[in-house]
Amino acid sequence: MLLIAPTGGGKTLAGFLPSLIELAQQPTGGPHTLYISPLKALATDIARNLDAPIAEMNLAVTIGTRTGDTPENRRRKQRESPPHLFLTTPESLALMLSWPDAARLFAPLRRIIIDEIHALAGTKRGDQLALCLARLARLAPAATRIGLSATVAHPHELLEFVGQGAPAHLIEVSDGAAPELSIMLPQARLPWSGRMGLASAPAILARVAATAMTIVFVNTRAQAELLFAELWRHNDATLPIALHHGSLDIALRRRVEAAMAGGRLRAVVATASLDLGIDWGGVDQVIQVGAPKGSSRLLQRIGRANHRMDLASRAILVPANRFEVLECIAAIDAIGAGELDGDPPRPGGLDVLAQHLLLTAASAPFDPDALFAEVLAAAPYAGLSRADFNDVLGFVETGGYALANYERYRKLFRDSLGQVHIRSAAIARQARMNVGTIVDLPMLKIRLLGRGGGALGEVEEYFAQSLRPGDAFIFVGLKLKFLRIREIWLECTQAAGGDPQVPVYGGARLPLTTNLASRVRALLHDRARWPELPEPVREWLALQDAHASLPGREDLLVETFPRNGRWYLVAYAFEGRNAHQTLGMLLTRRLERAGSQPLGFVATDYVLGAWCAREPTDIADLFAQDMLGDDLESWMEDSSMLRRTFRNVAIISGLITRNQIDARRGQRQLTINSDLIYNALRRHQPDHVLLRATRADAASGMTDLGRLAGFLARIEGRIRHERLDRVSPLAVPVLLDIGRESVRSQTSEDALLAEAESLLAEASMTRPAP
């Protein structure tokens, strides 16, 4: 069964009602209900919210959470005596299914609840969960499955994910009160560019002061740190405001969550760590700082406020720049129209399947034919061919043809009856240490020395290695002074001064969805709606209309113009950062061949900007569809992107064991190992299953090739080239980004802003706003 209910509808606790009724009428031993959540914090929150009704009804029902944060002594107790209601995550479930006694542990199971299923389906975590559900269907055939979600763009695909080939029912709960959405601009002038939204900190603080409890959502951990510090800089009333993101130490996060639940905070600045279903009933409003990037994601966040169906959730959107104003309006329009976004689930990853086969063998020997049939029941693998299954199994057995001579890659063997066994207990332990599909960049833990010090959280190794002793950086709202790196620790003290850096985390920014991109293009094109826009944006678009051209709904506008001895090309594609990044790489190759001598490019969610030593010409040829042929193949082979993707695939599949890498050598050693193997496979076995998985990931992941291909097909014959003698108003934001990405000159940035502001002033005197 798949239950779709509005955010704030209490759907998660409703999912437990049948279990509580059954346990009250007929108590059982062992686990009765398995609850699976994409977030550790969500599992903890649900357990807390179940405690009260169970205690009030005096039920003899036990609850337990099993995540990566669960202490070892509690894990042992749970294994010996499982709770009735077992709350876990996909990774911990995969680990438990690898135990030799998994069949005994899960046999009593009667119900499986998958919460926030939309956040898992279509991802590698979802692939792993689907395989685990297929295994549970064999170990606990009497267990029924319930999927829960509030924001489902593809309900029938998710129904198949829950059903696992069995008949399944879709239940859609009618919408509750419509959300109250508004946009808030900074008190000072609206910035031309930037993504942090710090100019709005005083206005945000005023809204926080006017209500009892607010969640201030941001899009990245770096933005969370900066905005949190900026809010406290203006917080003269010392309102209790906290910070919550995934890199904070678990003890700090639990402290913040407890303070929220206890009503001791007025606001929390948070990333996606508080996105999903956590029932903070006392939240009065949500403030989204920065454009939301998708209507489904925004709706999920809105649902954290007024967590009841009969009350409207109140949310305020705070755009950080002029383009983001358009995106925020587009998101509000999409929610009003009931449009949700998101790509349909894709076929399951072969690297995830490899990990699953190894973990299955760690539990008990298996028959390949029976396991193949079981895997086909998992929705992402329903179309898996027997040849691909055999290739994956062969890889896990021997490493494949190119690696078969290396003992360390031989992990399975077959007995005389054809049963597949794991080679040793050591390989089983190693597999369990590397369970999961989330591949983080190497991290160092932050240790604050001195009185009141201790563990604060973690930062990526590459950021830590960029620091010199004495450098200042911000973390948890504190200004810290870097001292040294000692083994896995970054040691620091509190800093008195200095210009602090902000840790940046890889893979943190989500691209603009196709649905919102289409709405932004329509908003630019529809002059009848311009009177609804804030005055700074209205002036900006009117100035573009007067001095240049506006992007159309289905075409591509490309501007070229000279500035300071260089030529600039700005393409208004509106296809999201990932697709623009790939487009920029391919365009650079074409500009090089055309003799324009490209010097670099910048990709935002809205536009692509490139700068060259010579004037770009033949613009239509530069954006022809055939760039996805030889240019793409050549770039992918030459770039480091495929190598990084292979590293992730190799880790997930178990070819490289991340937890064996010496922490002091970390990223460098892991990269050397994966690059050596990558080169060997390309030379000796180019059709190796991991290379196929790498290419599939590259096409659907950071390169966004599918979206780029659709864009190039759509604009064929519809490219408009505007050759200007100066920067256009619409190009000012990307030129400011170019200034930040290349060698930055404050003088040139100030000159560009002054030029833009003078154009606005001139327009206000000569042309009325539409």
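Throughout this document, residue positions are counted from 1 along each chain, in the order its sequence is written. The model is predicted, so local features are restricted to residues of pLDDT at least 70 and side-chain atom pairs to those at 80 or more, both for listing and for counting; the totals for chains, interfaces and linings are taken over all residues. To obtain the side-chain values, all non-hydrogen atoms of the structure were included, while hydrogens and water were left out.

Structural notes on the overall build of the chain
Part 1 of the reasoning: Along the backbone of the chain there are 29 helices and 25 strands.
Part 2 of the reasoning: Summary of the burial criterion: residues with accessible area below 20% of their type's maximum are buried, those above 50% are exposed, and those between are partly exposed, where the area comes from a 1.4 Å probe applied to protein chains only. Scored against the burial criterion, the 770 residues of the chain give a buried share of 55%.
Part 3 of the reasoning: In the chain, the proportion of contacts linking residues at least 24 apart, taken out of those at least 6 apart, comes to 73%. A run of H or I in DSSP becomes a helix once it reaches four residues, and a run of E becomes a strand once it reaches two; helices and strands are each numbered from the N terminus. Residues are treated as being in contact if the distance between any of their heavy atoms lies within 4.5 Å.

What about the pattern of salt bridges?
Close approach of charged atoms lets side chains of opposite charge pair.
Part 1 of the reasoning: Throughout this description, the term salt bridge denotes a Lys or Arg side-chain nitrogen within 4 Å of a carboxyl oxygen of Asp or Glu. Tallying each qualifying case throughout the model produces 36 salt bridges.
Part 2 of the reasoning: The partner of Arg-233 in a salt bridge is Glu-230, with the nearest N and O atoms 2.8 Å apart. Within this pair, Arg-233 and its partner Glu-230 are both found in helix α10 (residues 221–234), separated by three residues, close to a single helical turn.
Part 3 of the reasoning: Glu-230 gets classed as buried once you look at its relative accessible area, which sits at 16%.
Part 4 of the reasoning: Between Glu-615 and Arg-723 there is a salt bridge, with its nearest N and O atoms 2.5 Å apart. Residue Glu-615 is located in the loop between β24 (608–612) and α22 (619–622), and its partner Arg-723 is located in strand β25 (residues 719–723); the two are separated by 108 residues in the primary sequence.
Part 5 of the reasoning: Exposure remark for Glu-615: the relative accessible area of 26% places this residue in the partly exposed category.

Considerations on the environment of Gly-64
Part 1 of the reasoning: Positionally, Gly-64 belongs in strand β3 (residues 63–66).
Part 2 of the reasoning: Residue Gly-64 is classed as buried on the basis of its relative accessible area of 8%.
Part 3 of the reasoning: Discounting residues that sit within four places of it in the chain, Gly-64 has contacts with Gln-78, Pro-83, Leu-85, Phe-86 and Leu-87.

Here's the deal with the nonpolar core
Part 1 of the reasoning: The biggest cluster of nonpolar side chains holds 106 residues, and the ones touching the most others in it are Phe-106 and Phe-623.
Part 2 of the reasoning: Those residues in contact with Phe-106 that sit more than four places away from it in its chain are Leu-34, Leu-93, Met-96, Leu-97, Leu-136, Leu-139 and Ala-140.
Part 3 of the reasoning: We call a set of buried Ala, Val, Leu, Ile, Met, Phe, Trp, Tyr and Cys residues a nonpolar core when their side-chain atoms join them within 4.5 Å. Among the nonpolar cores identified, the runner-up in size contains 63 residues, and Ile-215, Leu-523, Phe-574 and Val-602 belong to it.

Quick look at the sheet that holds β24
Part 1 of the reasoning: Reading across from one edge, β23-β24-β22-β21-β25 is the order of the five strands in this open sheet, with mixed pairing throughout. Edge positions in the open sheet fall to β23 (598–603) and β25, since each of these has one partner strand only. Pairwise comparison of adjacent strand axes, ignoring direction, gives a mean angle of 15 degrees for this sheet.
Part 2 of the reasoning: For two strands to count as paired, DSSP must find a minimum of two bridges between them. Pairing of β23 with β24, which is carried by five bridges, proceeds in the antiparallel orientation. Here an angle of 0 to 180 degrees is reported between the N-to-C directions of two axes, which are lines fitted to C-alpha atoms, with helices fitted over the stretch in contact.

Brief notes about the sheet that holds strand β8 (residues 180–183)
Part 1 of the reasoning: As summarised here, the arrangement of the six strands in space is β8-β13-β12-β9-β11-β10, forming an open sheet in which the pairing is parallel. What marks the edges here is a single partner per strand, and that holds for β8 and β10 (241–244). For this sheet, the mean angle separating the axes of adjacent strands, direction not counted, is 20 degrees.
Part 2 of the reasoning: Alignment of β8 against strand β13 (residues 314–318), held across four bridges, turns out to be parallel. In the strand pairing of β13, Leu-181 is matched with Ala-315.
Part 3 of the reasoning: Against the sheet, helix α11 (residues 250–261) makes contact with β9 (214–217), β10 and β11 (267–270), and its axis sits at roughly 135 degrees relative to β10, the strand it touches most.
Part 4 of the reasoning: Relative to strand β12 (residues 285–289), helix α12 (residues 295–302) is tilted by about 145 degrees, and along the sheet it contacts β8, β9, β12 and β13.

Points about empty space enclosed by the protein
Part 1 of the reasoning: In this analysis, the protein atoms alone were mapped onto a 1 Å grid. Cavities are point sets where a 1.4 Å probe fits without being able to get out; pockets are open sets with protein on both sides within 12 Å along at least five of seven lines; lining residues have an atom within 4 Å of a point. Grid points are joined across faces, edges and corners, and a volume is the space filled by probe spheres set on the points. One pass over the full model with this rule turns up four cavities of 30 Å³ or more.
Part 2 of the reasoning: A volume near 140 Å³ is recorded for the largest cavity.
Part 3 of the reasoning: Arg-195, Asn-321, Thr-604, Tyr-606 and Asp-737 are the residues nearest the centre of the largest cavity, which is lined by 16 residues in total.
Part 4 of the reasoning: Residue assignment for the lining of the largest cavity shows that the elements contributing at least two residues are α13 (322–336) and α28 (732–741).
Part 5 of the reasoning: No other element matches α28, which puts three residues into the lining of the largest cavity.
Part 6 of the reasoning: Note on residue categories: nonpolar means Ala, Val, Leu, Ile, Met, Phe, Trp, Tyr, Cys or Pro, charged means Asp, Glu, Lys or Arg, and polar means any other residue, Gly included. A per-class count over the lining of the largest cavity returns six nonpolar, four polar and six charged.
Part 7 of the reasoning: As a volume, the second largest cavity reaches approximately 80 Å³.
Part 8 of the reasoning: Lining the second largest cavity we find Gln-355, Leu-358, Lys-411, Gln-430, Ala-431, Asn-434, Val-435, Ile-651, Ile-652, Ser-653, Gly-654 and Thr-657.

Looking at the packing of aromatic side chains
Part 1 of the reasoning: Aromatic pairing here means that ring centres of Phe, Tyr or Trp (its six-membered ring) are within 6.5 Å. Orientation follows from the plane angle: under 30 degrees is stacked, over 60 is edge-to-face, and everything else is tilted. Applying the stated criterion across every chain yields a total of ten aromatic pairs.
Part 2 of the reasoning: In textbook terms, an aromatic cluster arises when at least three aromatic residues are bridged by ring pairs, as seen for Phe-323, Trp-540, Phe-574 and Tyr-606.
Part 3 of the reasoning: We call a charge positioned over a ring when the NZ of a Lys or the CZ of an Arg lies within 6 Å of the ring centre and within 35 degrees of the ring normal. The ring centre of Trp-99 lies 4.1 Å from the NZ or CZ of Arg-79, which sits over that ring.
Part 4 of the reasoning: Taking NZ or CZ as reference, Arg-447 lies 4.0 Å from the ring centre of Trp-489, over its face.

Considerations on the packing of helix α14 (residues 350–363) against helix α17 (residues 425–433)
Part 1 of the reasoning: Closest axis-to-axis distance for the α14/α17 pair is 9 Å, and the angle between their directions is 130 degrees. In terms of their interaxial angle, α14 and α17 are classed as oblique. Note on packing geometry: the crossing formed by α14 with α17 is left-handed. Across the interface between the two elements, Leu-358, Leu-359 and Ala-362 from α14 touch Ile-427, Ala-428, Ala-431 and Arg-432 from α17. To sort the angles, those under 35 degrees are grouped as roughly parallel, those over 145 as roughly antiparallel, those from 65 to 115 as roughly perpendicular, and the leftovers as oblique. Crossing handedness is defined as follows: a turn of the near helix away from the far one that is anticlockwise and smaller than a right angle gives a left-handed crossing, while the clockwise case is right-handed.

Observations regarding the environment of Thr-151
Part 1 of the reasoning: Structurally, Thr-151 is set in the loop between β6 (144–149) and α8 (155–163).
Part 2 of the reasoning: The class of Thr-151 is buried, set by a relative accessible area of 4%.
Part 3 of the reasoning: Separated by 34 residues in the primary sequence, Thr-151 and Ile-117 have C-alpha atoms spaced 9.3 Å apart.
Part 4 of the reasoning: Look past the residues within four positions of Thr-151 in its chain and what remains in contact with it is His-118, Ser-296, Leu-299, Gln-300 and Leu-340.

Details of the environment of Thr-211
Part 1 of the reasoning: By secondary structure assignment, the location of Thr-211 is in the loop between α9 (201–209) and β9.
Part 2 of the reasoning: On a C-alpha basis, the gap between Thr-211 and Val-283 in space is 9.1 Å, while along the polypeptide they are 72 residues apart.
Part 3 of the reasoning: Among residues more than four places away in sequence, those in contact with Thr-211 are Arg-266, Asp-284, Gln-285 and Arg-314.
Part 4 of the reasoning: Among the polar contacts listed, one links the side chain of Thr-211 to the backbone oxygen of Arg-207, at a separation of 3.4 Å. For this analysis, a polar contact is any N or O atom pair within 3.5 Å, provided that within protein one partner can donate a hydrogen and the other can accept it, and provided that sequence-adjacent residues contribute only side-chain to side-chain pairs.

Quick look at the pairing of β3
Part 1 of the reasoning: Where β3 meets strand β4 (residues 85–88), four bridges bridge the pair, whose relative direction is parallel. In the strand pairing of β4, Arg-66 is matched with Thr-88.
Part 2 of the reasoning: The handedness of a crossover follows from its direction of travel: if, with the strands pointing away from the viewer, the path from the first strand over the helix to the second runs clockwise, the crossover is right-handed. Running through helix α4 (residues 72–80), the crossover from β3 to the neighbouring parallel element β4 is right-handed.

Quick look at unusual backbone geometry
Part 1 of the reasoning: Of note in the backbone geometry, Lys-293 takes a positive phi value of approximately 75 degrees without being a glycine.
Part 2 of the reasoning: Summarising the element assignment, Lys-293 is placed in the loop between β12 and α12.
Part 3 of the reasoning: Since its relative accessible area comes to 9%, Lys-293 is described here as buried.
Part 4 of the reasoning: In this structure, Phe-574 takes a positive phi of about 55 degrees despite not being glycine.
Part 5 of the reasoning: The exposure class of Phe-574 is buried, given its relative accessible area of 0%.

Concerning α12
Part 1 of the reasoning: Summarising burial for α12: eight of the eight residues are buried, a large majority.
Part 2 of the reasoning: Ser-295, Ser-296, Arg-297, Leu-298, Leu-299, Gln-300, Arg-301 and Ile-302 are the residues of α12 that are buried.

Examining the confidence of the model for the chain
Part 1 of the reasoning: Averaged over every residue, the pLDDT of the chain is 85; residues scoring 70 or more account for 89%.
Part 2 of the reasoning: Across residues 741–749 the pLDDT falls below 50, and counting only partners more than four positions away or on other chains, this stretch makes seven contacts in the model.
Part 3 of the reasoning: Every residue carries a pLDDT, the predictor's confidence in it, which falls somewhere between 0 and 100. For residues 765–770, every residue scores under 50 in pLDDT, and the model assigns this stretch eight contacts once sequence neighbours within four places are set aside.

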